[in-house]
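Here's the letter readout for the chains.
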Amino acid sequence: VFPGQGAQYSGMGNDFYNQYEKAKQIYDYASEICNIDVKKICFDSSDSRIHETKYTQIAIFTTSLAILKCVHEMGVTSTVNAGLSLGEYTALAASNVIDIKDLFLLVKKRGKYMQEAFPTGGAMAAVIGLSEREVVAICNQMNGNIYIANYNCPGQIVVTGEKAVVEASYEIFQKKGAKMVLPLNVSGPFHTKYMHSASEALALQFQQIEWKEPIIPVVSNVTGKLIQNEESIPRLLELQVKSSVFFEDSIQTLLDEGVDTIIEIGPGKVLSGFVKKINPSICCLSIETAQELEQVIS
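The paragraphs below set out a description of the structure included in this document. Quick caveat: nothing in here was measured; it's all calculated off a predicted structure.

Moving on to the packing of aromatic side chains. This model, assessed by the stated rule, comprises 11 aromatic pairs. Consider the rings of Y27 and F43, whose centres lie 5.1 Å apart with planes at 55 degrees: the pair is tilted. Placement of the pair is Y27 in helix α2 (residues 21-34) and F43 in helix α3 (residues 38-43), with a sequence separation of 16 residues. For Y27, a relative accessible area of 0% translates into the label buried. Assessed through its relative accessible area of 18%, F43 is described here as buried. Aromatic pair F247 and F274: ring centres 6.0 Å apart, planes at 65 degrees, arrangement edge-to-face.

In terms of nonpolar packing, the biggest core is built from 69 residues, with F16, F61, Y89, F104, M195 and W211 touching the most fellow members. Counting residues per element, this core draws most heavily on helix α4 (residues 53-73), which supplies 11 residues. If we ignore the near neighbours within four places in the chain, the residues touching F104 are I26, Y29, A30, I33, C34, I58, F61, T62 and L65.

Moving on, we come to the pairing of strand β2 (residues 146-153). For β2, the buried fraction is high: 8 of the 8 residues fall into the buried class. The pairing of β2 with strand β3 (residues 156-162) spans 6 bridges and is antiparallel. In the sheet register, C153 faces β3, and the bridge partner there is Q156. Following β2, the chain reverses through 2 residues before pairing antiparallel with β3; G155 in that reversal takes a positive phi of roughly 85 degrees.

Criteria and thresholds
Residues numbered from 1 in each chain as written. Predicted model: local features only at pLDDT ≥ 70, side-chain atom pairs only at ≥ 80, totals over all residues. Heavy atoms only, no water. Phe/Tyr/Trp six-rings, centres within 6.5 Å; stacked < 30°, edge-to-face > 60°. Helix = DSSP H or I, 4+ residues; strand = E, 2+ residues; numbered from the N terminus. Buried < 20%, exposed > 50% of the residue type's maximum accessible area, 1.4 Å probe, protein only. Core = buried A, V, L, I, M, F, W, Y, C linked by side-chain atoms within 4.5 Å. Contact = heavy atoms within 4.5 Å. Pairing = 2+ DSSP bridges.

Next up, the structure:
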């Protein structure tokens, strides 16, 4: 499984770049294809672009893919792939669904389109400790101005909308019993109607792509189920930017497929935490550093 936006931090992937030729090739290729100094964005702590959506997405995607290539080189492969929002693109890369050059350019454009769709004044926050029903009820009480972006795991749902509305909701959620409302490190109301223009722009790009049948099954964020065929992928990705992410359902699908070990690949360990809350008995590993890769393969 692969993380999405919000997992970024300065220095992510730097040890892989320095220690593994495969990782270095991915970062260098990303910088060349996208005409962006991806290495500087990821590794230079003074580069604030890492938190700008149009750069964040390509930075996270590159880092996750670089680590994945090192994992593959060590002989570790998967039986099914999934990701959270942006992470679904890494899952598709792992399943060889489209040409890697096209995928880099798509991710670059996705970040650009999503930032342009709602350039300022958006926010997302994780509501912790309330049930899905309770969160939905509160969102409905706020006259439809706040939306559910992610169903992450039991007891954690991400809400989004205009920044002022989202911030005004914190007190309401806490009064209703939320243990915590945690603002996320993103600037837009992603996975809502506000992303309609990004969805339309991506749809036009998807028409120019040659989609291939996944060599490894992939779970869709939109349905929480396995993608049935390559013809459905463009439509699902078009919907993905403006639809809720059903991550908890996605993990349940992995378990239904007989998965007994889940490996989170990329920056952060957020998804591992979700998995443990969804099913505490599942073996869950994380690879975000070169040291962790060595530990996993040993």
